Amino acid sequence: MPVSDRAVQLRKGVLELGILAVLDREECYAIEIIERLAAYPALAPTPGTVYPLLARLDKAGLVATRWAESSGGPPRKYYRLTKEGRASLSEGAVAWIALSSAMTKILAGE
């Protein structure tokens, strides 16, 4: 598998956790989420990846939504974490820390 394909697959696996982490800080609309994640180039999210993830998180009850008027365009759909979303973020963070630590040790030859 080429390196770029590998990075894409790894990124897809962590974007959901990244979205939950962004929403843990504040309610956002989709483009804001994409911009916040884009601050970390290794994540490099695209709307085509983020929108389906948001729909899945909404369907799973991990996020709640509301529509609000926009000052410069159509209304925006805002996302916020639910109680279940915060629990999922907490579980995911614990799993990520354990996985990341293990992989760092393996890659360092420990």
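Note: the structure precedes this text.
Remember, predicted model here, so these are calculated numbers, not experimental data.

Chemist: Would you mind going over the sheet that holds strand β2 (residues 63-70) with me for this structure?
Modeler: Sheets are built from strands that pair by backbone hydrogen bonding, the pairs being arranged parallel or antiparallel. Pairing is antiparallel in the open sheet, where 3 strands are placed in the order β1-β3-β2. Each end of this open sheet is capped by a strand with a single partner; those strands are β1 (28-29) and β2.

Chemist: It is not clear to me how the pairing of β2 should be interpreted in this structure. Could you clarify?
Modeler: Moving residue by residue along a regular strand, the side chains alternate between the two faces of the sheet. Sheet analysis places β2 next to strand β3 (residues 73-81), joined by 7 bridges and oriented antiparallel. Following the sheet pairing, Trp67 is matched in β3 by Lys77. Taking the residues between adjacent antiparallel strands as the criterion, β2 and β3 are bridged by 2 residues.

Chemist: What am I meant to see in the nonpolar core here?
Modeler: Nonpolar side chains tend toward joint burial in soluble globular proteins. In terms of nonpolar packing, the biggest core is built from 20 residues, with Ile19, Leu23, Ile33, Leu37, Leu54 and Tyr79 touching the most fellow members. Going through the elements one at a time, α1 (3-25), α2 (30-38), α3 (47-59) and β3 are the ones with two or more residues in this core. With 5 residues, the single largest contributor to this core is α1. Setting aside chain neighbours within four positions, we find Ile33 in contact with Ile19, Val22, Leu23, Cys28, Val50, Leu54 and Tyr79.

Chemist: Would you mind going over the environment of Gly61 with me for this structure?
Modeler: Along the chain, Gly61 turns up in the loop between α3 and β2. On the basis of relative accessible area, Gly61 is assigned to the partly exposed category, the value being 26%. In sequence terms Gly61 and Leu43 are 18 residues apart; their C-alpha atoms lie 24 Å from each other. Discounting chain neighbours no more than four positions away, the residues touching Gly61 are Thr82 and Glu84.

Scoring rules and cut-offs
- In this numbering scheme, every chain counts its residues from 1 along its sequence in written order.
- Only residues with pLDDT of at least 70 are given local features in this predicted model, and only at 80 or more are side-chain atom pairs given and counted; all residues enter the totals for whole chains, interfaces and linings.
- Hydrogens and water are ignored here; the side-chain numbers use all heavy atoms of the structure.
- Strand pairing is defined by DSSP finding a minimum of two bridges between the two strands.
- Each helix is a run of DSSP H or I of at least 4 residues and each strand a run of E of at least 2, with the numbering of both proceeding from the N terminus.
- Within this scheme, the nonpolar core is defined by two criteria: the residues are buried Ala, Val, Leu, Ile, Met, Phe, Trp, Tyr or Cys, and they are joined through side-chain atoms within 4.5 Å.
- For every residue, the accessible area (1.4 Å probe, protein chains only) is compared with the maximum for its type, and the residue is labelled buried under 20%, exposed over 50%, or partly exposed between those bounds.
- Whether two residues are in contact is decided by their heavy atoms, any of which lying within 4.5 Å being enough.

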